[in-house]
Amino acid sequence: MSIILETKQINKYFGKTKPFHVLKDISLGIKQGEFASIMGKSGSGKSTLLYILSTMDTDYSGELYLQNELITGKSQPELSHIRNKKIGFIFQFHYLLPEFSVLENVMLPAKKLGLKTLAEIREEAMDLLKNLNIGHLDSKKASKISGGEKQRVAVARALINEPVLLIGDEPTGNLDSSNSENLFQILKKLKEKKGLSLLMVTHDEDLAKRTDRTIYLEDGRIVN
Amino acid sequence: MRSWKVILEIARTHLFTKLKSTVTASIGVTFGIAAYITLVSFMTGLNSMLDDLILNQVPHIHLYNEIEPSEKQPISLYKEFEDAVPIIHSIKPRQNQRKIHNAIPILNDLEKNEKVKGASPQLQAQIFYLSGSIELGGNLTGIDIMKESKLSNIQDYIIEGSILDLKNTQNGILLGSGVAKKMSLSVGRKIMVSTARGNRIQLKVVGIYQSGIAEVDNIQSFANLKTVQRILGEAENYITDINIKLNDISQAPALAKVMERKYNVSARDINEINAQFETGSNIRNLITYAVSITLLIVAGFGIYNIQNMLIYEKMNDIAILKAIGFSGADVQLIFLSQAAFIGFSGGILGLILGLGLTNFIDNVPFETEALPTITTYPVNYNPVNYIIGFFFALLCTFIAAYFPSRKAKNIDPVLIIRGN
């Protein structure tokens, strides 16, 4: 199976006057169709690693490859384009644009990419919402729906451009157990049906055990 | 790469969900621009009125015979003194006639000149206004009233009677308002004038002339050219001055030099006559623009504040947009297009409000003795002011929004997402 995401010797420091070594020689690879989770105590650097993998944090040393293409050193607009096209995001605090409707939130990344017509994008966004059982919420304001619903909308938004990689920063962290289970099933199905690669940071050991692979971080080092 | 449509859509949604701040920011621009338009229209209106007050009565080129010593003194004709430096004491002005030689042919020639709008002959005479034993010194100018009315708007300064009254009355006089007041004369009465040589003649007051400049009105009167020629006992070609109006005032200095040589007379152009005048209006314009720009800058700070606040409120949105693939420049464009909208709508409203206010000022009664033809405050509706105002509104909002928007561009999404 081909490798989607790969890092070589990633190191990161925080602060300038008294540098703090957050990530130490991180080398890992995520295969296509793999559901990987990152676990570790607070301060172990797991979120930091996730944001480097997501291309949003560029302040590190080492090399990052996405689909065997070197990402490290690319310009900000190029990175924006990569995030737009190839990476889907789900955050802990759902992060929808509150003034836009649910449907508009989902359509936004596709409109930015601009490869399809508006009608096509609308069609696909509706399909995604229906598949996630929230088709009836399409015209509601994003600020007016429940937490579990918001997180499912965020999943739909992450999927609209058919990314190769889905990244979650404790996507279930803010949900109750039934909603959390619900979301996990959705993610799992995506992996099985579409062969999507998933990478998520979590605190929940039970969830982590049910993923294909768990990467443990301790003091900025991979320990398993 | 740039997807304008979605950027504008986000900008629009922000604007309309935060309608209150949008309206506040727009009102700031509106008042700034409205004040600018009102002030500039009013001030330039006032300026051009004051300019007209003097410039209307001043010809673009004035032809006359200067009293001056000959340039070539007789001694220079002697060959014996060719290499010497002559020193002459008590040089006298050259004996010269006051009248312009060949005045009628010159006038005809000027009428044919395409650059000349018109030329009017004048005969300046020093006279005394007589009232019993009292003699008041004054100027009587003989004019061709019909030509003069076309070239110098003299009819605007006739507060009683009309130009036709003068034209149709052989011994008529347009009396300066100051003289009329001093001598308690009104239209229809008669006045005795005497020339410097002592010739006396009785003239009928057909109108009162008021330039608005008291020193002029206290001495100046007008009569028909022929009447003055008769009073002075001179022939019909006796003309001392020719006043010329040009189609293009900027050519005055150059043409004055040409005419001086061509007609062998002295010629002064409007810049020489009124050099200090232009300085005055330039300074007034400068003050106007300084005040207006201050107003717009104040409006600009209002926009800056509101944009700054908006960006702090939208931190989360900015982070999300960046995470899902919008670049920093895209985010900046969102905020800049919002500013453009505020500048555009506020600017347009400002122009309309400004037009309304100037229109109001235009209708406020304003009567002054100095300006007989003016009944309301003068206002200038020059479209250039509106264009400048509008572009300044856009420029001001752009600059005010540029710095906050640059901040939005450089926000690190990781810091915001992790901060929560």
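Small disclaimer: the values here were computed from a predicted structure and weren't measured.

Details of the overall build of chain A
- For chain A, the count of helices and strands is seven helices and 10 strands.
- The proportion of buried residues among the 224 residues of chain A is 47%.
- A fraction of 72% describes how many contacts in chain A between residues 6 or more apart in sequence connect residues 24 or more apart.

Regarding the overall build of chain B
- Counting its regular elements, chain B contains 15 helices and 10 strands.
- Of all 420 residues assigned to chain B, the portion counted as buried reaches 38%.
- In chain B, the share of contacts with a sequence separation of at least 24, taken over all contacts with a separation of at least 6, comes to 78%.

Things to note about the sheet that holds strand 8 (residues 197-201) of chain A
Residues and elements named next belong to chain A.
- The sheet built from six strands is open, its strands ordered 6-7-8-3-9-10 with mixed pairing. With partners counted over all chains shown, the strands left at the sheet margins are strand 6 (87-90) and strand 10 (221-222), one partner each.
- The sheet contacts of helix 5 (residues 147-159) involve strand 6 and strand 7 (165-169), and relative to strand 6 the element is tilted by about 170 degrees.

Observations regarding unusual backbone geometry
All names here are of chain B.
- Despite not being glycine, Ser 90 shows a phi value in the positive range, around 50 degrees.
- Structurally, the position occupied by Ser 90 is in the loop between strand 1 (61-64) and helix 3 (103-112).
- Its identity is not glycine, yet Asn 264 carries a phi of approximately 55 degrees, on the positive side.
- Structurally, Asn 264 can be placed in the loop between helix 9 (252-263) and strand 10 (266-269).

Notes on helix 4 (residues 145-152) of chain B
Residues and elements named next belong to chain B.
- Turning to helix 4, its buried residues number three or more, namely Ile 145, Glu 148, Ser 149 and Ser 152. On an axial view of helix 4, the arc spanned by its buried residues comes to 105 degrees, and they lie on one face.
- In this structure, the buried residues of helix 4 make contact with strand 2 (116-131), strand 3 (134-143), helix 5 (163-168) and strand 8 (220-224).
- Note on helix 4: the residue one or two positions beyond its end, Asn 153, has a positive phi of about 55 degrees.

Observations concerning the confidence of the model for chain B
- Averaged over all residues, the pLDDT of chain B equals 84, while 96% of them reach at least 70.
- Per-element averaging of pLDDT across chain B places helix 15 (residues 413-419) of chain B at the bottom with 73 and strand 8 of chain B at the top with 92.

Let's talk about the packing of helix 3 (residues 102-113) of chain A against helix 4 (residues 118-131) of chain A
Residues and elements named next belong to chain A.
- Interaxial distance between helix 3 and helix 4 falls to 9 Å at its minimum, and their mutual angle equals 130 degrees. On the basis of their axis angle, the class for helix 3 and helix 4 is oblique. Like other packed secondary-structure pairs, helix 3 and helix 4 cross with a definite hand, here right-handed. Contacts between helix 3 and helix 4 pair Leu 103, Val 106, Met 107, Ala 110 and Lys 111 from the former with Ile 121, Arg 122, Ala 125, Leu 128 and Leu 129 from the latter.

A closer look at the interface of chain B and chain A
- The partner chain A presents 23 residues to the 22 residues of chain B that form the contact.
- For the side of chain B that touches chain A, the secondary-structure elements that each account for two or more residues are helix 1 (4-17), helix 12 (315-323), helix 13 (328-362) and helix 15 of chain B.
- Broken down by element, the residue count for the side of chain B that touches chain A peaks at five residues, all from helix 1 of chain B.
- For the side of chain B that touches chain A, the residue count by class is 10 nonpolar, nine polar and three charged.

Reading guide: rules and limits
- Residues numbered from 1 in each chain as written.
- Chains lettered and ligands numbered in written order.
- Predicted model: local features only at pLDDT ≥ 70, side-chain atom pairs only at ≥ 80, totals over all residues.
- Helix = DSSP H or I, 4+ residues; strand = E, 2+ residues; numbered from the N terminus.
- Buried ≥ 20, exposed ≤ 12 C-beta atoms within 10 Å, placed from the backbone.
- Contact = placed C-beta atoms within 7 Å.
- Pairing = 2+ DSSP bridges.
- Axes fitted to C-alpha atoms, helices over the stretch in contact; angles between N-to-C directions.
- Arc of directions from axis to C-beta.
- pLDDT = per-residue confidence, 0-100.
- Parallel < 35°, antiparallel > 145°, perpendicular 65-115°, else oblique.
- Left-handed = near helix turned anticlockwise from the far one by under 90°.
- Nonpolar A, V, L, I, M, F, W, Y, C, P; charged D, E, K, R; others polar.

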